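Chain by chain, the residues run as shown.
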Amino acid sequence: MKSKKWTLSSSGKHQVYERIVLWIRLFLSFLKYLLCCIMKRLRLIVQRRRKDSEGSSSDRDDENDQCKLMSLGNGGLASRPTDVGNNNTNQSSSGSMIETPLVSALERDAEFLARLLRAAEGDPHLRVDRLHATPAARAGPNYMASITRMHLFGRRGSQEHSFRRVLLVKRQSSGVGAVTTRRSKRSDPAFCNEAAAYDVVLPALRPPPSQPPLPFAQCLYASSHLLILHDLCQDGYVMADRRQGVDFHHCRLVLQTLAKFHAASLVMKHNDKTGFERMRTHIQELIFVPEAVPVFGASLENSLKMAISTLKSWCGPEDVALDDAIHKLQMLQGQVFQRMVQVITPKEPLAVICHGDFWINNMLFRYNEEDKTAEDVKFVDLQVTRYASPVTDILLFLYTSAERDVTRMHYDDLLDIYHHQLISSVSQLAPSAPAIKLTDLVNEIERHALFALLMVLLLLPAVTADSVPDDVIHNNNYETADQQSSLELQKKGCLESTKECLTPRYREHVRDMVLEFVDRGFI
């Protein structure tokens, strides 16, 4: 008997094919769902490990600080109190410091702070009985560090006289968002630059006890992620009005003080050249380096473009000088950053340690109570300290911070004042050092005029802005204004909103400055 063959009709074959396709689709859908679950789980694991890594890094930093504190009695940083600068801008990301608790363990450790004060004041009996913290800078995406004011109350000396001391505690932010922001704004190098200035540079430049100290506030502690500084506001120092600018008396005081600071470099370079070269390697150029091109290169080009547009609005058919200046500025477009790199390169023998961001918001004045005249000035913000020509500080200050008539009427007088103080300070501490002639400074100014012009154009929108948000400049919180660096102020307040933010003060300042540069032969 022959076996019967089973065959499927065409409709049956179609049903089988449909079921196979259905099962394949179901399997693929399940596989896709499974892969999605796996990827989601992996992302969570990566994020968790990243947070753990940042947390452990912060813990290690605090452990390193504790280890460093143990050396206070054996020549550590705080055992040799130094006159160093308060910082800076512009300027931290949402950090871990302005949180709950307000500050991390070291900052709220009364014994830690007491030991710093004992070392700084040379008082083994000093004790801190009570302290509380208040924010000096609001956490936000534009800040590179968190800053807290620590109010300390205690007793000093064997007689236990009561005291109150205010310190500024600045910690580099460590959150995930802060890390991203720091990378984009190069704040890691900026913080390290500032710490190196406090820890190495200013102590090396410190003059002998017979001479006035350098114009910076005392730094009690400095590491690569933590700075503890004396609060200058406690001593009556306040910030001047950037919109109004400072008069001739203020400018004379600033340039005399700046000359003393610059002279310290020339003195050390003559007396201990090897030590000076070793010291200056601890700071680095932060702005005019290849890594900064995406941020500062674009900002410089944009600020030049705005200035040219402003100058064109002033230029009439008979303004030959202004029209020629516009043409020369237009020729710089597209190569601003490269030209700035060439100009800022230090040239001997006049190169010194420069402030680097020397404008009105980075200095504090103390006034005489009787006649209200400025009697002293301190400099703050050392994030962009650099080794360069001293005239970079001079020109940046004069054309961003002085009243507009001051430079036109007293430019030569102020240059003479600076030069006289410079040679006087150098001759006192290094009598055999080569004499610095006024013509040397004039030649330096001519060589750096382009740098000064472009940097001033970069800062002017911030300097002349009608208002700045309270979280940037508030109640003389100079550290807040400083860490929101002047470049960030300009970028946040003006570059991103083009012409609408440019005030009449900005337009007049640009015109007057360019015409003055033309008259002096700088353009």
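Calculation notes
- Residues numbered from 1 in each chain as written.
- Predicted model: local features only at pLDDT ≥ 70, side-chain atom pairs only at ≥ 80, totals over all residues.
- Heavy atoms only, no water.
- Salt bridge = Lys/Arg side-chain N within 4 Å of Asp/Glu carboxyl O.
- Helix = DSSP H or I, 4+ residues; strand = E, 2+ residues; numbered from the N terminus.
- Buried < 20%, exposed > 50% of the residue type's maximum accessible area, 1.4 Å probe, protein only.
- Polar contact = N/O pair within 3.5 Å; in protein donor to acceptor, adjacent residues only side chain to side chain.
- pLDDT = per-residue confidence, 0-100.
- Contact = heavy atoms within 4.5 Å.
- Phe/Tyr/Trp six-rings, centres within 6.5 Å; stacked < 30°, edge-to-face > 60°.

The name that an unreviewed UniProt entry assigns to the protein chain is CHK kinase-like domain-containing protein, with the source organism given as Laodelphax striatellus.

Caption draft 1: Inspection of the pattern of salt bridges at higher detail. Evaluation of the coordinates by the stated rule reveals 19 salt bridges. The partner of Glu-277 in a salt bridge is Arg-280, and the shortest N-O contact between them spans 2.9 Å. Separated by three residues within a single helix, Glu-277 and Arg-280 lie in helix 6 (residues 273-280), roughly one turn from each other. With a shortest N-O distance of 3.1 Å, Arg-511 and Asp-512 are connected by a salt bridge. Classification of Arg-511 by relative accessible area gives partly exposed; the value is 22%. Overall, Asp-512 belongs to the partly exposed group, its relative accessible area being 22%. Within the structure, one salt-bridge network assembled from shared partners comprises Arg-404, Glu-508, Arg-511 and Asp-512.

Caption draft 2: Structural context of the environment of Thr-134. Position of Thr-134 among the secondary structure elements: in strand 2 (residues 127-135). Here Thr-134 falls in the partly exposed class, since its relative accessible area comes to 27%. With 17 residues separating them along the chain, Thr-134 and His-151 place their C-alpha atoms 8.0 Å apart. Looking at Thr-134, its side chain comes within polar contact range of the side chain of His-151, at 3.1 Å.

Caption draft 3: Quick peek at the confidence of the model for the protein chain. The pLDDT averaged across the protein chain works out to 79; a share of 74% of its residues lies at or above 70. Predicted confidence is poor over residues 66-103, with pLDDT under 50, and the contacts of this stretch with residues over four places away or in other chains come to 171 contacts.

Caption draft 4: Fine view of the side chain of Thr-464. If you trace the backbone, Thr-464 turns up in the loop between helix 12 (438-463) and helix 13 (478-483). Overall, Thr-464 belongs to the buried group, its relative accessible area being 2%. Here the side chain of Thr-464 touches Leu-460 through a polar contact of 2.7 Å, landing on its backbone oxygen. If we skip the residues at most four places from it in the chain, Thr-464 touches Arg-242, Thr-503, Arg-505, Tyr-506 and His-509.

Caption draft 5: A look at the packing of aromatic side chains. A full pass over the atoms with the stated rule returns 11 aromatic pairs. Consider the rings of Phe-358 and Phe-397, whose centres lie 5.7 Å apart with planes at 55°: the pair is tilted. Taken together, the residues Phe-358 in the loop between strand 8 (352-354) and strand 9 (363-367) and Phe-397 in helix 10 (residues 391-401) connect sequence positions 39 residues apart. When its relative accessible area of 0% is taken as the criterion, Phe-397 is described as buried. Aromatic side chains Tyr-399 and Phe-517 sit 5.0 Å apart centroid to centroid with 75° between the ring planes, which places their arrangement in the edge-to-face category. Of this pair, Tyr-399 sits in helix 10 while Phe-517 sits in helix 15 (residues 504-519), placing them 118 residues apart in sequence. By relative accessible area, which is 3% here, Tyr-399 ends up buried.

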